[in-house]
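# Residue-level structural notes
Single-letter residue listing:
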Amino acid sequence: MIPRFSLARPRSLAEAFEAFAGAGGEGAYIAGGTELLQVMKMGFAQFETLIDVKGLDELRGIDTSEGAIRIGATTTHRTIERSADILAAFPGLVDLERHVANVRVRSTGTLGGNLAFAEPHSDPATLLLASDARVELEGPAGARALRLSEFILGPLATAREPEEILTGVRIPAARRGEGRAYGKIAFFERPAASVAVRLTVADGAVTEATVAVGSLTEVPLIVKPAGDALVGTEVDPEPLANAIASASAAFGALDAVEDLNGSSDYKRHLAGVLLASTCRAAVREATARA
Amino acid sequence: MRRIITRPEVPSPIGEPVPRRDGIAKVTGTARFTVDVALPGLAHARILRSPYPHARIRSVDVEAARRHPGVIAVVSAEDLADVHLVYGHAVADHPLIAVDKVRFVGEPVVGVVAEDAVTAEEALRLISVQYEPLPFVQSVAEALAADAPVVHERPGEQRPHRGFEEDIERGHPNVCSSSRQAWGDVDGAFAGADLVVEGEYRYPMCYAFAMEPYTSVATWSNGELTVWTSGQHPYMVRDDLATCFGLSLSRIQVIVPYVGGGYGSKSYTKIEPLTAALALRAGRPVRLALSVEEAILTTRGDAATVRLRSAFDRDGHILGRQATILLDTGGYAENSPLVGRKAANRLGGPYRIPALEVTCDVVYTNTAPASSFRGFGAPQVTLAGESQLDEAAARLGLDPLELRRRNVLAFRERPWARARGIDADLDADLTLAAEEIGWNEPTQPGHGKAIALSASDAGSEPITTSILRVLSDGSVTVMCGSTEIGQGSSTVLAQIAAAEMGVELERVRLIQSDTAAVSYDRSTGASRTTTLMGLAIQAAAADARAQLVEWATTALAPDGPDVVAKAGGVEIGDAFHDWGAIVRAWFGGAAGEVIARGYVRRAGATEEMPPFWEIGCVAVEVSVDEATGEIFVERLVTVGDVGCAINPQTAEAQDVGAAMMGLGMATREELVYQDGNLMNGNLFDYRVPRTTNLPEFRTVLVERGDGVGVYGAKGGGEGALNPVAAAIANAVERAAGIRLREAPFTPERVWRALRERDERLAAERDEARRAGAAAADADRRGIDG
Amino acid sequence: MPDLIAISMVVNGRPYALSIAPRETLADVLRDRLALTGLKVSCNAQVCGACTVLVDGLPVSGCTFLAVDADGRRVRTVEGLAIDGELSPLQQAFIDHAAFQCGFCTPGMLMTATALLEEHPNPSRAEVVHGLEGNLCRCTGYASIVDAVLAAAALAGGSAGSDAATEAGR
């Protein structure tokens, strides 16, 4: 059960930082609480004070007006799932959000909370990693932005200083001919394996490609050799299939975590299966954006 | 749903899909479960549990916990000197709280009672227990090793409710009980066989996952104990409470409100003695509500390894079966001695087997205790037996359906001497399953179909009573010890009473599962309630009608004419007098009632055992994703051979639910232990079926009036689960050419089998090419001379 | 000791003003303070859906939703589905199709299905299956639940979706 705690509900970032400082190291920021309250219930974390960031304007809203996509940290999975703006700018993210956890978690869980918690199987982290997203952090000492690859340090560990608040996520706009897709296979609540692909197609061939895997290794990971293997390939079915096969071979070097989903071998195999479908989905979008 | 009815006509409302009586309460959220029981002064308990699989308890320090504000009592075995701590209805080996050692991770060691649950939880962290870890055994193989650590140094005393007469045999110190079933000349059968199929099959440790975790509320008053509990067998619980607290049965009241799922996992005693002990020390009513994680550590299903050999003649007749079964019962015996016995009994299935030898050892390990669970040995052994029938069919070139037809027992044929003859037309059931699955229709490439059967000696023991009261307005109250665990007993039993007394269903009230208010029923399990409690109600109704006829004679027609019993009343000459009128006339006022009773015991129709056979008859069509190894059950057919479906809607519902549970166990469900710890004792990592796993169902209810119950009824609710794993294994073999012997058939297990198949096929092709090339060479050499 | 927080919320159309501890979940408050014991806590981990209630029309896990977050919002529970004692079409459909057995998952299942039908009044069978994917039931095997939701949708007007599988499933 949830242990006792005090709750602060600041109305500004300054108030939030003040509340955090006042908690003397026993405080934590909370948004939807779907992850944080769960670990508190299970006795894996104790905090005397929780600081609710849902009231902060800076963490709200979806903005696609300047080309790049900026999603406020307290935006729920459900809001992203239903956002017409995101559907136009980044349909792969909408599709991903539709399948995060379950309908109840999507109602209250936030994108910022998901990334800040850094659960190793995070769906958004994997796709956003491949999409070169940046997290925006703000603390008493100022604001900064970090690439997701620099932000995620390990399972449940990020580069966020304890007093900093993750205020939003900034994703580069999809360029002409760029497609981004995500796919996962799940046998239990969390995925067994997931793959994100971002690639650019020009004149019928892949000119750039980034492949990330999730739920395979300790944290979501960009697999550079897999992306490299896709570059230059024509997007016709046969050459694409060959390129995908070469790219999957790169997964062989991954140190896949053995768990209830299966052995390392099997999980690498699943990643390969996903790579095929995800690549094709990315190519379809890329072609549509030509 | 398809209904096949050849039984005689039945009186309304028998056979009608009347809406469930608990429906409005359940869809409006007003149905009361144990966790909804509110009492003044209710205190809340939390339990400190062992972190070790096997350890001596050296010391327990609770002083800081006792001083925590809001704590009422902190209780370990040391504080219960006045309580007989060890209980167990079959083998008394289970202390309600750990005494000198712990035998599994999660075993209760200290209980805290506080004003609220969060205070109790905080106090747990203030308790310090010193353990001396001991070597532990995590598997049956480890437990049976020559120098294995011993889980129970002293065997528990065997007890009268174990469910069988014979003494419990043990061998190795970690064997809890051994059972054996044997007849005929097994050696001869195998010596003379045209085909022997051998294999080892594994069935996982499963968790029933009743969505309501174990919850009990206990309160003491004037030395009398009242317990509300989410349990299936209030009278069995009462017995154990009597033993623990030295009370007569009459001074204990066990009340079971609606139960949020049972499936056998709430059979017999669970946390009631612990809750009562905490209430005793606290001097307050206490609620102990376990979390799902704690519930998983309280009771699970027996894991099984079955080594089976089947002998066949060339026409596919079974000549003999020989098997050894090992069941893993975890740290305590619970009901596993009976599960073991039933597993041995059920290995023969619904077949004529001239020679059989089965031994079943139930083995202690340092894991969570295993007890009753839906199927009760049948799912485990049916996987083995039905798999081997299909393997034999393939090797003999026979249709698996035809092979089964050649072996099923005939109606009333005894599976073994002195057992009740099969009370089902198995051949006809097979035909129905085959029709519904489209056995003779072409199967899509990549798909496979299979039919599987099981037969279980069900019904447990016929020890059941009922009280039926006819009130002064002619309405009827029936008192039954059966519990409503979701199966619909609260509706079905009322239907029976209404039919027997000839009164409208709306005028019948059923009072259930309060040991102080109703009369004795052994248990709600083994699919026995419709059959046995139905018979008790029928007997009570007959008693009521007999009294009412006598009363009518005395009060209304002492000098004639004859009184003739009719539905709902009597006819005297041309006049009809309803039951209420007779009651009022006999008492001479506007008041009074009839008290009638029915007894069911090992006599008459229920002398022969088992009371009935529960048949499992399912068919499946599956496809296999060759890339991931996932099995998709596309279609699932259940044939419910129930004799008479008192309420066809509830009967069908049971079959669908049971089959889905079987599907879960066959494809995904498995508790995994590592280093003595349960790795997936939660719903994140233990996967039960979702809506997305729902196959296309075809359900059939067959009613031939061939059971011993009212209107020829038999029981249901477990049969449809038992053959599902075997059916899926066999269908996968037909779809993908792989033979799976270890359930659950997880994606990786399937994927590896597919890769081995591919390697095998590639090797065979290479071999064929080499042979072909060599032959060509030889030909050439021959030609060249 | 943490301070109590004053909240106001409307539950099943009725306004409440409460003083609660931050740690109290919506399930705690509804069950223990407002005697709305319909919702049940089963897994307590947001997986099973037995504790589903609607907050401003959105399904949430009552076991992990802090009651303070319901401040100023409208909450609906299973007790609010029937109007003046008359069951909602969905509740009636659950009875007609025996879409329950033990009943423990039923309140949560009804709330999820209610929200689903409010958003998709005419769902296909596939949409119902996807919509209920996050609600566990261990008794029924789901077949009758899916049928009941489709039947309720059909009653409320219009055919039950164009998905041909609707027929095949029965």
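What you see is a predicted model; the values in this text were computed from it and never measured.

In this complex, chain C contributes 45 residues to the contact, which on the side of chain B involves 50 residues. Summing both sides of the interface, chain C and chain B together bury roughly 3,800 Å²; the carbon and sulfur share of this comes to 63%. For D36 of chain B, the salt bridge goes to R31 of chain C, with nearest N and O atoms at 2.8 Å. At the boundary of chain C with chain B, the tally comes to 17 residue pairs in polar contact (both at pLDDT 80 or more). Looking at the side of chain C that touches chain B, the elements with two or more residues in it are helix 2 (89-96), helix 3 (106-119) and helix 5 (143-155) of chain C. No other element matches helix 2 of chain C, which puts four residues into the side of chain C that touches chain B. A per-class count over the side of chain C that touches chain B returns 26 nonpolar, 11 polar and eight charged.

As a further point, take the domain arrangement of chain C. Where the parts come together, the accessible area they lose is often given as the size of the interface. Residues and elements named next belong to chain C. In terms of domains, chain C is made up of domain 1 (5-80) and domain 2 (89-168). Between the C-alpha centres of domain 1 and domain 2 there is a distance of 23 Å. Counting residues at the interface gives 17 residues for domain 1 and 13 residues for domain 2. At the boundary of domain 1 with domain 2, total buried surface from both sides reaches about 1,100 Å², with 64% on carbon and sulfur atoms. At the surface where domain 1 touches domain 2, the tally comes to one salt bridge. Here domain 1 and domain 2 share three residue pairs in polar contact (both at pLDDT 80 or more) between them.

Residues and elements named next belong to chain A. We note that the domain assignment places domain 1 (6-52), domain 2 (57-171) and domain 3 (178-289) within chain A. Here the C-alpha centre of domain 2 lies 19 Å away from the C-alpha centre of domain 1. Taken together, the contact between domain 1 and domain 2 spans 11 residues of the former and 18 residues of the latter. Buried area between domain 1 and domain 2, summed over both chains or domains, comes out near 1,100 Å², and the portion from carbon and sulfur atoms is 76%. In this structure, the connection of domain 1 to domain 2 is made through zero salt bridges. Applying the counting criterion to the domain 1 and domain 2 interface returns one residue pair in polar contact (both at pLDDT 80 or more). Of all the elements in the fold, those that place two or more residues in the side of domain 1 that touches domain 2 are helix 1 (13-22) and helix 2 (36-41). Of the residues contributing to the side of domain 1 that touches domain 2, the split by class is eight nonpolar, two polar and one charged.

Moving on: the nonpolar core. Grouped together as the largest cluster of nonpolar side chains are 210 residues, with contacts concentrated most on L96 and F745 of chain B together with F94 of chain C. The element best represented in this core is helix 17 (residues 724-736) of chain B, accounting for 10 residues. The two domains that each donate at least three residues to this core are domain 1 (5-80) and domain 2 (89-168) of chain C. Aside from chain neighbours lying at most four places away, what touches F745 of chain B is L383, I631, A666, T667, A725, I728, A729, L740 and V750 of chain B. A133, L148, I152 and A159 of chain A belong to the second largest nonpolar core, which has 46 residues in total.

Attention now moves to the side chain of Q388 of chain B. Residue and element names in this part refer to chain B. Relative to the helices and strands, Q388 resides in helix 10 (residues 378-396). At 2.6 Å, the side chain of Q388 and the side chain of S310 are in polar contact. Not counting the four nearest positions on each side in its chain, Q388 is found in contact with V197, E198, G199, Y201, L308, R309, S310 and F312.

The rules behind each value
- Residues numbered from 1 in each chain as written.
- Chains lettered and ligands numbered in written order.
- Predicted model: local features only at pLDDT ≥ 70, side-chain atom pairs only at ≥ 80, totals over all residues.
- Heavy atoms only, no water.
- Contact = heavy atoms within 4.5 Å.
- Buried area = accessible area lost by both parts, 1.4 Å probe.
- Salt bridge = Lys/Arg side-chain N within 4 Å of Asp/Glu carboxyl O.
- Polar contact = N/O pair within 3.5 Å; in protein donor to acceptor, adjacent residues only side chain to side chain.
- Helix = DSSP H or I, 4+ residues; strand = E, 2+ residues; numbered from the N terminus.
- Nonpolar A, V, L, I, M, F, W, Y, C, P; charged D, E, K, R; others polar.
- Domains from an automatic or database assignment.
- Core = buried A, V, L, I, M, F, W, Y, C linked by side-chain atoms within 4.5 Å.
- Buried < 20%, exposed > 50% of the residue type's maximum accessible area, 1.4 Å probe, protein only.

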